[in-house]
Every structure is written in C-alpha cells, then in structure tokens.
Amino acid sequence: MYFLFFIVYCLLLPVQLYAVAHQRHPVTKLFTASLILEVVGIAFNLLDVLKYAYDGVGYSNLSCLGEILDILSRTTFMLLLILLAKGWAVTRIELSWKPFSILLIWFIYGIVHILLYVWNKVNSILLPPN
C-alpha cells in the first residue's frame, strides 16, 4: 500500500511543484508543504516496510519519523482547511481577524496528536499484546 501511494504521490508531486512555481498563491504554498511532508513520510514508511520484508527487522526509527511526518502533514492540511473556512486567500490575502486563537488551537491539536502517538508507541513496547 505504501508503494502504491508513493507512486501516485511521485506522479502528482511534480504537477503541484510546477503549479506552485508558476502561481504565487499562499494556498498552493501551504498545500505543497503538506504534500511534501506526506511524500517524505510515506517514503520513510516504505523504506521501513521494504527492509522489514527483506530481513524481518526494518528501521523502527525511520518508521516513527515517517508517521510523525504524516501527522505533521495532516495537521498542516487541517490548518489550510481552517484558514480557507475563515475566508483566507479566497476573498483576501490578509488576515483581518485575530488568528491567534485558531493558530493556538491548531498548535495544541498537533502537539496532542504527536503526544498520543508517542503514548501509543510506548504502551505497545511496554505492554505487548497477549
């Protein structure tokens, strides 16, 4: 599955990079940042799975980094959706409202998501399934 998504993203990423190079819009920049994080995260997970398939060990650190990059990609995409819902870059480029509260909520969500991922990893190591 990682291989399939990696191929699809590798086909779509150059198109997005072409669009962001020719269009100086903040939405495309934020979306491209999210897309690059996702591609790198999938690449790390793919390397881990391929190594695991080859020798049964894999790269656990690379897998963790890939999953954290995936979390960062999703939170960046969520920020883009929140900003678009508030009307940013649709009707105006400037933020006329106070973005502090939304950015604070987004930041706390990202931190909590990463902490819950770490908690899950620690619990799966300390308390293996029966």
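What counts and how
Residues numbered from 1 in each chain as written. Predicted model: local features only at pLDDT ≥ 70, side-chain atom pairs only at ≥ 80, totals over all residues. Heavy atoms only, no water. Helix = DSSP H or I, 4+ residues; strand = E, 2+ residues; numbered from the N terminus. Contact = heavy atoms within 4.5 Å. UniProt positions renumbered as here; feature names shortened; annotations may be inferred. Domains from an automatic or database assignment. Buried area = accessible area lost by both parts, 1.4 Å probe. Salt bridge = Lys/Arg side-chain N within 4 Å of Asp/Glu carboxyl O. Polar contact = N/O pair within 3.5 Å; in protein donor to acceptor, adjacent residues only side chain to side chain. Nonpolar A, V, L, I, M, F, W, Y, C, P; charged D, E, K, R; others polar. Expected span 1.5 Å × (residues − 1). Buried < 20%, exposed > 50% of the residue type's maximum accessible area, 1.4 Å probe, protein only.

- You'll find the chain entered in an unreviewed UniProt entry as Integral membrane protein GPR180, with Diaphorina citri given as the organism.

## Concerning the side chain of Glu 38
And step 1. Structurally, Glu 38 can be placed in helix α2 (residues 26–55).
And step 2. Apart from the residues within four sequence positions on either side, Glu 38 is in contact with Tyr 9, Asp 70 and Ser 73.

## Digging into the UniProt feature "transmembrane region" (unreviewed entry) in the chain
And step 1. Here the UniProt feature "transmembrane region" (unreviewed entry) sits at residues 31–50, 71–88 and 100–119.
And step 2. For residues 100–119, the end-to-end C-alpha separation is 28 Å, with 100% helix and 0% strand making up the annotated structure.

## Brief notes about the domain arrangement of the chain
And step 1. Entries for the chain in the domain assignment read domain 1 (1–93) and domain 2 (96–129).
And step 2. On a C-alpha basis, the centroid separation for the pair domain 1 and domain 2 is 18 Å.
And step 3. Carbon and sulfur atoms supply 78% of the area that domain 1 and domain 2 bury against each other, a total of about 1300 Å² over both sides.
And step 4. Taken together, domain 1 and domain 2 are joined by zero salt bridges.
And step 5. Along the contact surface separating domain 1 from domain 2 lie two residue pairs in polar contact (both at pLDDT 80 or more).
And step 6. Taken together, the residues of the side of domain 1 that touches domain 2 sort by class into eight nonpolar, three polar and four charged.

## Considerations on helix α4 (residues 100–126)
And step 1. Here α4 spans 38 Å end to end across 27 residues, near enough to the 39 Å set by a 1.5 Å rise per residue.
And step 2. For α4, the set of buried residues is Ile 102, Gly 110, His 113, Ile 114 and Tyr 117.
And step 3. Contacts made by the buried residues of α4 are with α3 (60–85).

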